[in-house]
Amino acid sequence: MTRSGGRAPSAVELERRAYRRRQGARSVLISVASTLALAVVVWVFVVRTPGWAQVQASFFDGEVMLAALPRVWDGFLLNLRVLATASVLILVVALVIAGVRTLRGPIWLPLRALAAGYTDLFRGTPLIIVLYLVGFGIPGLGLLPTRLPFEFWGTVALTLTYSAYVAEVFRAGIDAVHPSQRHAARALGLSHAKTMRLVVVPQAVRKVTPALMNDLVALQKDVGLVSVLGAVDAVRAAQIETAAFFNFSPYVLAGLLFVLLAIPTIRLTDWYTARVRAREQIGGIV
């Protein structure tokens with residue numbers, strides 16, 4: 001018995017605790033050793049190379065980055081606006097397309113064919129080509145009385161392309177919901193629309209949330225492609241500053257801003273994926 005009146009740990013439990021402490025200490029030592037080995041490799045094959053000083057001056061000049069920061073930051077705000085607008089539009093358009101592709105009955109065949117053709121077309125066409133076609137082709141038709149900014153056309157092109165990918169993610173989630181869920185909802189008197197809205201879609205979204213978050217990470221990078229239309233975003237601003245300073249450090253600065261934008265989403269995706277996996281493994285043998 002212990003002083004507090006509780007039962008003392010058995011010899012087996014004490015041995016388990018000692019084993020866990022040894023394993024923890026061993027893991028720490030291995031982590032430290034592998035980190036030091038990686039640092040040595042970087043030092044030998046990067047820092048100690050003959051051209052490192054020139055590369056450092058051309059790509060990692062802190063003074064140039066600081067001088068270019070205001071213009072690059074202003075361009076990065078444009079990327080954020082495009083990202084926020086396109087994300088909302090993509091979710092809406094993709095959900096509609098996925099819903100159309102899951103319609104039953106021969107009467108819906110034309111709509112299903114159009115939705116399938118849309119996803120095939122924009123999943124197969126490179127995004128940069130879509131940007132050129134939308135950003136320069138549609139304005140060239142002369143249908144609009146005013147000239148819209150390139151930010152608008154870039155948002156449209158991103159929405160068209162990513163909606164095709166996200167629609168397939170939604171469709172996979174909808175198909176993953178067991179048919180008994182639909183049958184039970186219809187047996188309770190719910191219409192097809194209410195069954196999808198109240199029963200199927202919430203479960204589908206829960207299943208595909210990790211995949212949707214990964215698509216968001218990809219979209220965060222691709223918003224930088226709106227620069228090919230002439231929009232002064234972070235990438236185009238970095239190009240202007242690079243030409244002014246004859247130094248590539250502004251490009252690295254723009255890349256760091258995109259990385260800082262993506263890291264929280266990536267970590268959130270990893271956390272949510274682990275949470276879903278742990279929930280699914282409750283009561284199971286792993």
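Residues numbered from 1 in each chain as written. Predicted model: local features only at pLDDT ≥ 70, side-chain atom pairs only at ≥ 80, totals over all residues. Heavy atoms only, no water.

1. Considerations on the overall build of the protein chain
What the protein chain contains, in helices and strands, is ten helices and zero strands. When the elements of the protein chain are put in sequence order from the N terminus, they spell out α-α-α-α-α-α-α-α-α-α. Taken over the C-alpha trace, the protein chain has a radius of gyration of 27 Å; the compact-globule value for 286 residues is 19 Å, which it surpasses by more than 25%. Here the C-alpha coordinates of the protein chain stretch approximately 90 × 70 × 30 Å along the principal axes. Within the protein chain, the proportion of its 286 residues that are buried is 31%. For the protein chain, the separation between the mean place of its 29 positive charges and that of its 15 negative charges on side chains is 13 Å. (Helix = DSSP H or I, 4+ residues; strand = E, 2+ residues; numbered from the N terminus. Rg over C-alpha atoms; globule rule 2.2 N^0.38 Å. Buried < 20%, exposed > 50% of the residue type's maximum accessible area, 1.4 Å probe, protein only. Lys, Arg positive; Asp, Glu negative; His and termini not counted. Charge placed at Lys NZ, Arg CZ, Asp CG, Glu CD.)

2. Some words on a positive patch on the surface
A cluster of basic side chains, namely Arg 206, Lys 207, Arg 275 and Arg 279, defines a positive patch on the protein surface. When contributions to the positive patch are tallied by element, the ones reaching two or more residues are helix H8 (192–222) and helix H10 (249–280). Inspection of the secondary structure assignment puts Arg 275 in helix H10. (Patch = residues over 30% accessible without salt bridge, like charges linked within 9 Å, V, L, I, M, F, W, Y side chains within 5 Å. Areas by Shrake-Rupley, 256 points an atom, 1.4 Å probe, with all protein chains shown as cover. Salt bridge = Lys/Arg side-chain N within 4 Å of Asp/Glu carboxyl O.)

3. Re the side chain of Thr 161
Tracing the chain through its elements places Thr 161 in helix H6 (residues 150–176). According to the relative accessible area criterion, Thr 161 is buried, its value standing at 3%.

4. Brief notes about the nonpolar core
Among the nonpolar cores identified, the biggest contains 51 residues, and Val 72, Leu 158, Phe 170, Leu 219 and Val 223 are the most heavily contacted of them. Breaking this core down by element, the ones donating at least two residues are helix H3 (62–101), helix H4 (109–124), helix H5 (127–140), H6, H8, helix H9 (234–245) and H10. In terms of residue count, the dominant contributor to this core is H3 (13 residues). Filtering out sequence-adjacent residues up to four positions away, Val 223 remains in contact with Asn 79, Val 82, Leu 83, Leu 158, Asp 233 and Phe 258. (Core = buried A, V, L, I, M, F, W, Y, C linked by side-chain atoms within 4.5 Å. Contact = heavy atoms within 4.5 Å.)

5. Quick word on the environment of Asn 214
With respect to the helices and strands, the residue Asn 214 is situated in helix H8. Judged by its relative accessible area of 46%, Asn 214 falls in the partly exposed class. In this structure the C-alpha to C-alpha distance between Asn 214 and Arg 147, which are 67 residues apart in sequence, comes to 34 Å.

6. Some thoughts on the pattern of salt bridges
Scanning the model with the defined rule gives nine salt bridges in all. The residue Arg 101 makes a salt bridge to Glu 168 at a minimum N-O spacing of 2.8 Å. Remark: Glu 168 occurs in helix H6 and Arg 101 occurs in helix H3; sequence separation between them is 67 residues. Here Arg 101 falls in the partly exposed class, since its relative accessible area comes to 23%. Residue Asp 270 is joined to Arg 267 by a salt bridge in which the shortest nitrogen-to-oxygen separation is 2.5 Å.

7. Details of a nonpolar patch on the surface
On the surface, a nonpolar cluster with roughly 800 Å² of combined accessible area is contributed by Leu 38, Val 40, Val 41, Val 42, Trp 43, Val 44, Phe 45, Val 46 and Val 47. Tracing the backbone through its elements, the reader meets Trp 43 in helix H1 (residues 11–47). For Trp 43, a relative accessible area of 46% puts it in the partly exposed group.

8. Regarding the packing of aromatic side chains
Throughout the structure, instances matching the rule amount to ten aromatic pairs. Judged by centre distance (5.7 Å) and plane angle (35°), the ring pair of Trp 73 and Phe 76 falls under tilted. Placement of both Trp 73 and Phe 76 in helix H3 is noted, with a separation of three residues, approximately one turn of the helix. Look at Tyr 162 and Tyr 165: their rings are 6.2 Å apart centre to centre, the planes differ by 50°, and that puts the pair in the tilted class. Note that Tyr 162 and Tyr 165 are positioned in helix H6 at a spacing of three residues, about one turn of the helix. Judged by its relative accessible area of 7%, Tyr 162 falls in the buried class. (Phe/Tyr/Trp six-rings, centres within 6.5 Å; stacked < 30°, edge-to-face > 60°.)

9. A word on H9
Under the 1.5 Å per step criterion, the end-to-end length of H9 is 16 Å for twelve residues, consistent within 8% with the ideal 16 Å. By the burial criterion, the buried members of H9 are Ala 234, Ala 237, Ala 238, Glu 241 and Thr 242. Down the axis of H9, the buried side of the element spans an arc of 140°, and every buried residue falls inside it. Backbone geometry just after H9 places Phe 246 at a positive phi near 55°. (Expected span 1.5 Å × (residues − 1). Arc of directions from axis to C-beta.)

10. Remarks on the side chain of Thr 242
When you line up the elements, Thr 242 lands in helix H9. Residue class for Thr 242 comes out buried when judged on its relative accessible area of 11%. Polar contacts involving the side chain of Thr 242 include one to the main-chain carbonyl oxygen of Asn 247, which spans 3.3 Å. Residues in contact with Thr 242, not counting those within four places in the same chain, are Asn 247, Phe 248, Pro 250 and Tyr 251. (Polar contact = N/O pair within 3.5 Å; in protein donor to acceptor, adjacent residues only side chain to side chain.)

Everything listed here is a matter of coordinates, which is why it stays silent on function.
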